[in-house]
Amino acid sequence: MPQIEKNDAQVFDPQRYNPAEIEPRWQALWDADPKLYAAEPHTSGKPKFYCLEMLPYPSGQLHMGHVRNYAIGDALARFMRMRGYNVLHPMGWDAFGLPAENAALKNHTPPREWTLKNIEQMKVQMRRIGLSYDWAGTEIATCLPEYYRWNQWFFLKMVEAGLAYRRSSKVNWCPKCATVLANEQVVGGCCWRHEDTLVEQRELEQWFLRITKYADELLDGLDKLPGWPEKVRTMQRNWIGRSEGTHVDFHVSAMADTPAIKVFTTRVDTIFGATSIQLAPEHPLTKQLAAADPDLAKAVTEMIAEQKAARETGDIGNIEKHGVSTGKNAINPFNGETLPIWVANYILADYGTGAIMSVPAHDERDFEFAQKYGLHIKRVVAPVISPKDAAGADTDDLSLPYTGEDDAVLVDSGEWTGEGALEAQDKMARFAEENGFGKKTTTYRLKDWGVSRQRYWGTPIPMVYCINGHDGVKPGGVVALPESALPVLLPEQIEITQEGGSPLGKVSAFVHTTCPVCGGPARRETDTMDTFVDSSWYFYRYTDARNAHAPFDSEKANYWFPIDQYIGGVEHAILHLIYSRFWTKVMRDLGLIANSEPAERLFTQGMVIKDGAKMSKSKGNVVSPDDMIARYGADATRMYALFAAPPDRDLEWQEEGVAGISRFLARVYRLTIKYAPVVRSLESHTHGDEIAPKQFAGQTEDGAALLRTLHQTIAKITEDFSGRWHFNTCIAAIMILVNEISAAETAMDTGGIAPATIAELFRALTLLLTPFAPFLAAELWQQLGETAAVFHQPWPMADAELARESEIEVPVQVNGKLITVIRLAADSDEAAISAASLADAKVVARLVGKTIVKHLVIKGKLVNLVVR
RNA sequence: GCGGGAGUGGUGAAAUGGCAGACACGCAGGUCUUAGAAGCCUGUGCCCGAAAGGCGUAGGGGUUCAAGUCCCCUCUCCCGCACCA
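Residues numbered from 1 in each chain as written. Chains lettered and ligands numbered in written order. Predicted model: local features only at pLDDT ≥ 70, side-chain atom pairs only at ≥ 80, totals over all residues. Heavy atoms only, no water.

Q: Even after reading the chapter, I still don't get the overall build of chain A, so can you show me in this structure?
A: Along the backbone of chain A there are 29 helices and 34 strands. If you line up chain A on its principal axes, its C-alpha atoms span 105 × 90 × 60 Å. The buried share of chain A, reckoned over its 868 residues, is 53%. Considering only contacts within chain A whose residues lie at least 6 apart along the sequence, 71% involve residues at least 24 apart. Summing over all exposed atoms, chain A offers an accessible surface of approximately 38700 Å²; the carbon and sulfur share of this is 52%. On chain A, the mean spot of the 90 positive side-chain charges and the mean spot of the 110 negative ones are 2 Å from each other. (Helix = DSSP H or I, 4+ residues; strand = E, 2+ residues; numbered from the N terminus. Buried < 20%, exposed > 50% of the residue type's maximum accessible area, 1.4 Å probe, protein only. Contact = heavy atoms within 4.5 Å. Areas by Shrake-Rupley, 256 points an atom, 1.4 Å probe, with all protein chains shown as cover. Lys, Arg positive; Asp, Glu negative; His and termini not counted. Charge placed at Lys NZ, Arg CZ, Asp CG, Glu CD.)

Q: Whenever I open this one, the confidence of the model for chain A confuses me. Can you help?
A: Caution applies to low-pLDDT parts of the model: their predicted coordinates are not meant to be read in detail. Averaged over every residue, the pLDDT of chain A is 89; the share at 70 or more is 94%. Predicted confidence for residues 1–12 stays below pLDDT 50, and this span has three contacts to residues more than four positions away or in other chains. Across residues 687–697 the pLDDT falls below 50, and counting only partners more than four positions away or on other chains, this stretch makes 20 contacts in the model. (pLDDT = per-residue confidence, 0-100.)

Q: I would appreciate a short explanation of the domain arrangement of chain A in the present structure.
A: Interface size is commonly expressed as the accessible surface area that is lost when the partners come together. You can read the domains of chain A as domain 1 (149–210 + 448–532), domain 2 (243–443), domain 3 (644–803) and domain 4 (807–867). Measuring from the centre of the C-alpha atoms in domain 1 to the corresponding centre in domain 4 gives 77 Å. (Domains from an automatic or database assignment.)

Q: Looking at this structure, how should I read the pairing of strand β22 (residues 477–480)?
A: Regular strands show a simple pattern: their side chains alternate between the two faces of the sheet. Residues of β22 alternate between two faces, with Gly477 and Val479 buried on one and Val478 and Ala480 left unburied on the opposite face. Summarising the sheet, strand β21 (residues 463–466) and β22 pair through four bridges and their orientation is antiparallel. Bridging across to β22, Val464 finds its partner in Val479. (Pairing = 2+ DSSP bridges.)

Q: Mind showing me how you'd approach the protein's contact with RNA strand B here?
A: As a matter of local geometry, RNA strand B sits amid 51 residues, with Thr266, Lys321, Arg365, Arg663 and Lys861 nearest to it. Among the atoms of RNA strand B close to the protein, meaning within 4 Å, 60% are from sugar or phosphate groups. With respect to RNA strand B, the backbone of Leu348 contributes an N or O atom lying 2.8 Å from a base nitrogen. With six residues, the single largest contributor to the surface near RNA strand B is helix α23 (residues 727–743). (Near = heavy atom within 4 Å. Polar contact = N/O pair within 3.5 Å; in protein donor to acceptor, adjacent residues only side chain to side chain.)

Q: Sorry if this is basic, but what is going on with the packing of helix α2 (residues 19–31) against helix α26 (residues 774–783) here?
A: For any two helices packed against each other, the geometry comes down to the angle between their axes and how far apart the axes lie. Close contact between α2 and α26 brings their axes to 9 Å; oriented N to C, the two are set at 85°. The orientation of α2 relative to α26 falls into the category roughly perpendicular. Contact residues: Ile22, Glu23, Arg25, Trp26, Gln27 and Trp30 in α2; Pro774, Phe775, Ala778, Glu779 and Gln782 in α26. Of the residues that constitute the contact of α2 with α26, the class distribution is six nonpolar, two polar and three charged. (Axes fitted to C-alpha atoms, helices over the stretch in contact; angles between N-to-C directions. Parallel < 35°, antiparallel > 145°, perpendicular 65-115°, else oblique. Nonpolar A, V, L, I, M, F, W, Y, C, P; charged D, E, K, R; others polar.)

Q: What's the story with the sheet that holds strand β31 (residues 807–814) in this structure? I'm lost.
A: Picture the strands of a sheet paired through backbone hydrogen bonds; they go either parallel or antiparallel. Taken together, the four strands give an open sheet; going across it, the order is β32-β31-β34-β33, and neighbouring strands pair in mixed fashion. Sheet topology places β32 (817–825) and β33 (852–858) at the edges, where each strand pairs with a single neighbour. Geometrically, the sheet is characterised by an average inter-axis angle of 20° between neighbouring strands, direction not taken into account. In the sheet, β31 pairs with strand β34 (residues 862–867) via three bridges, with the strands oriented parallel. Following the sheet pairing, Gln813 is matched in β34 by Asn864. Relative to β33, helix α28 (residues 830–839) is tilted by about 130°, and along the sheet it contacts β31, β32, β33 and β34.

Q: Got a minute to help me understand helix α9 (residues 230–240) in this structure?
A: The periodicity of an α-helix, 3.6 residues per turn, causes residues three or four positions apart to be oriented the same way. Within α9 the residues assigned to the buried category are Val232, Arg233, Gln236, Trp239 and Ile240. Mapping the buried residues of α9 onto a view down its axis gives an arc of 125°, with all of them on the same face. Of the exposed residues in α9, the ones pointing more than 90 degrees away from its buried face are Lys231 and Asn238. (Arc of directions from axis to C-beta.)

Q: Which parts of the structure should I look at to understand the environment of Glu320?
A: Tracing the backbone through its elements, the reader meets Glu320 in the loop between α11 (294–313) and β13 (323–331). Along the sequence, Glu320 and Glu368 sit 48 residues apart, while their C-alpha atoms lie 9.7 Å from each other. Not counting chain neighbours up to four residues away, the residues in contact with Glu320 comprise Asn345 and Lys372.

Q: Help me out: how do you make sense of unusual backbone geometry in this one?
A: If a residue is not glycine, its phi is most likely negative; likewise, a peptide bond is most likely trans. For the peptide bond that leads from Leu486 to Pro487, omega is -5°, which places it in the cis range. Topologically, Pro487 is positioned in the loop between β22 and α14 (508–511). Cis geometry marks the peptide bond from Phe561 to Pro562, where omega comes out at 0°. Looking at the element boundaries, Pro562 is found in the loop between α17 (554–560) and β26 (565–569). A positive phi angle, near 55°, is found at Ala178, a position not held by glycine. With respect to the secondary-structure elements, Ala178 resides in the loop between β5 (164–174) and β6 (179–181). The exposure class of Ala178 is partly exposed, given its relative accessible area of 21%. In this model, Ala254 sits at a positive phi of 60°, which is unusual for a non-glycine residue. As for its placement among the helices and strands, Ala254 is situated in the loop between β10 (243–252) and β11 (261–265).

Q: Please explain the pairing of β31 as it appears in this structure.
A: As judged from the eight bridges shared by β31 and β32, these two strands associate in the antiparallel manner. Each residue of the ladder has a partner; that of Val810, found in β32, is Ile822.

Q: When you look at the packing of aromatic side chains in this model, what are you seeing that I'm missing?
A: In this description, an aromatic ring pair is defined by two values, namely the gap between the centres and the angle between the planes. Under the definition given, this model contains 57 aromatic pairs. On the numbers, 4.1 Å between centres and 5° between planes, the contact of Phe79 with Phe721 is stacked. One end of the pair, Phe79, is in helix α3 (residues 64–82); the other, Phe721, is in helix α22 (residues 701–721), with 642 residues separating them in the sequence. Take Phe79 and Phe721: they sit in the same class, and that class is buried. A ring pair is formed by Phe154 and Trp583, whose centres lie 5.7 Å apart and whose planes are at 85°; its orientation type is edge-to-face. Pair noted here: Phe154 is in helix α7 (residues 145–160) and Trp583 is in helix α18 (residues 576–589), with a separation of 429 residues, a long-range link. Note on Phe154: relative accessible area 0%, which makes it buried. (Phe/Tyr/Trp six-rings, centres within 6.5 Å; stacked < 30°, edge-to-face > 60°.)

Q: How should the nonpolar core be read in this particular structure?
A: Soluble globular proteins tend to bury their nonpolar side chains together. Residues Trp449, Tyr538, Phe539, Tyr566, Trp583, Trp653 and Phe772 are the most contacted members of the largest nonpolar core, which totals 191 residues. Two domains each provide a minimum of three residues to this core, namely domain 1 (149–210 + 448–532) and domain 3 (644–803). Here Tyr566 is in contact with Leu52, Glu53, Met54, Tyr538, Phe539, His576, Leu577, Ala599, Arg601, Leu602 and Phe603, once residues within four sequence places are set aside. Counting 37 residues, the second-largest nonpolar core is a separate cluster that includes Val248, Leu285, Ala421 and Ala424. (Core = buried A, V, L, I, M, F, W, Y, C linked by side-chain atoms within 4.5 Å.)

Q: It is not clear to me how the side chain of Thr286 should be interpreted in this structure. Could you clarify?
A: Position of Thr286 relative to the elements: it lies in helix α10 (residues 284–291). You can call Thr286 buried: its relative accessible area is 0%. Once residues within four sequence positions are removed from consideration, Thr286 is found in contact with Leu279, Ala280, Pro281, Leu296, Val300 and Val343.

Q: Whenever I open this one, the side chain of Thr197 confuses me. Can you help?
A: Residue position: Thr197 is located in the loop between β8 (190–191) and β9 (200–209). According to the relative accessible area criterion, Thr197 is buried, its value standing at 9%.

Below you can see the structure in the form of structure tokens.
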């Protein structure tokens, strides 16, 4: 017991760093000043910097991934402010979504109440971390009508522009979410939210956004985004999946009423090698033929069942290829050959046309299939082998399947024989087009974005169905609401049940309305919008978050956009990040903004790992930010998140490391408090650029050395912020500086360091810490006798003169092997370095009996003597 | 299979082609203390040794005066895509 009291006494030792006391004290001051981190108006004329982190879903609990993401963004925002930029650093809440409904089911809490409570909780956590957001000016919650009414407004604009439409189609259905998912939200055949829940296919009437209209621009624009990680750009390229090829029609023999089979191929030049037609099991012709052929019907049913089963076990793609002949034939329009029609399990119904021409000689899959069934394999393309390298030609090129097209020529292809493969692709496509049985085509993997969700907690879609119909609208036809009818409010009193169907459909007061055109009875659309709609444009709202008349003011958006730096997780590479690029292009075409891309630079930070695995509840390796803050303080927690690894790499969370940072901050605190009286006693309270005494006059050796390290540190950190972002080495550099100051304590105590130098050291050190440890920096800045907020101080300037070394160390190698390191005056020329290296005793010993072949003096690096 | 990233001490990690392992964690010894904790000091890649030395960046080859870094081949791990015609 007595020991505990003794420990308590230490906690309240004023000499001792105590974040639990310092941090809440400053936080209370900051919270009381809503303008503290507000950006200046767009008319300020200052250079702007829009620093954005991805907005969180308000789960109610901040996790370490958030802390890391926001620590990176906050360090940058604070640095840019100190560099004199007008910084917009906003935050908000991605507040619609299924978890609120699940919580309602479980706890009988209304989704709105649950969500708003979570927001409050998380905001408390975020404020506790000291993140410099302009809450008062920018905070948004997407579940509030002030926000989602603009989702509805955009939806109406898109309907008007033909970019939103309703159609029936096969859609992805997650049985756990009990709603439809967009293609982007299906991961490996499963739901992105429920990774072990298989997505089913259902035929439903749904609203779609015509993102495919922008497919080319979305793809080509990636080349103009050098500030985005190559990985993200590649993922988007693959997702869009543009493929240029040709449609060719194959007529079915002896079935005059059946439409021709349309085939998509990127290799029309190989068409003389086609030896069969392969249909997907779901192809319309397959269905037609199966209807009259029980054996075929059975085979097709089995194929579909097999695919479903394979998707469940996860090895779709490894299924063995197999197929069944339909007994029907098609005609190759290029040469009149008769080709058997098959149905095969490796033909995808939803890519291209769901039918292919099979060219076994020049396609690996077709080859495998043809071998299995003994189908004819006919070579029609051969590599060009110049006589010169004929001897060395790779025999692989002569074997089949041969899929090359560069330096390849057509053989056995009628009038095209001898053409280069690439030229033939062009000419043969044109030939097909001229003769009316084909057309050059581009296909995309990207499909239109299905945005209807059969859920309650989302934005109501502002459309109604006119029950009786009127001029131009048939009974039950869809009618857009006028803008004046917005917002369509989400009803609040609603019972959430687990029954299927859109929950809004059960709220009769919501459903029953009148048609805005004819005034007759109408039924509201009861689906809500995908929550990715909310996050597709939220960052524009931040620039004018309180605007009640428009989503935002164009002038303000045009000042702030594009986002200078966007920071978030890579998991949104083909969800949020492709939707928001699409939305930006739509808004541009609506005349709302001038930019075509939302963000100039994108940074994707690494994951937070614990014991070698991603932190997750299911693995039980979650470290709570609240615990860390309670034990070590917010400064130590966020600083560790930046110190433990460079921001783009995965970060292993080790609590000992946080303790280490905490000890480091305690050392900084103790030293600064100790010398604060010296600093305060000086007349000139300096502000940023006045800091450096610009000369060494009267400076001691020790003092000069400290200033040298200081200015090298300033230079390093300043440079890193604008380039590499290796905050781990920035913090290491600050540690080196502090270690040196600490080692000079005796000198400082005995007058060996000028008071002005001491003042410069501690002021600059405090400023350097500000982006990483804002609470401690604020405290120390005050202790140093300053009254202005440390965040508004100019960032210290590195003085190259002060940073320059007076002496240099030159490693000397003999035959590339390090022998010794010699010290020389910094201004030594090559001759002096050379002479000194040869004079060194260790080097001389190595040279005995040898001849110097080469004497390399690399200025500023080393000396290497090559001897024999 | 294809695309991207990575592989360096006991651990997290540093190194514009130029002294490998900065900085930190951990560990060991010391100091202070009645004792412990905290703090402070010293040491800490591996091997042998008293020392001098030798070996070291997944493995193998190459370019270079000089390679963790550039080139070629192989292996392992992580992430993404995956029958896309």
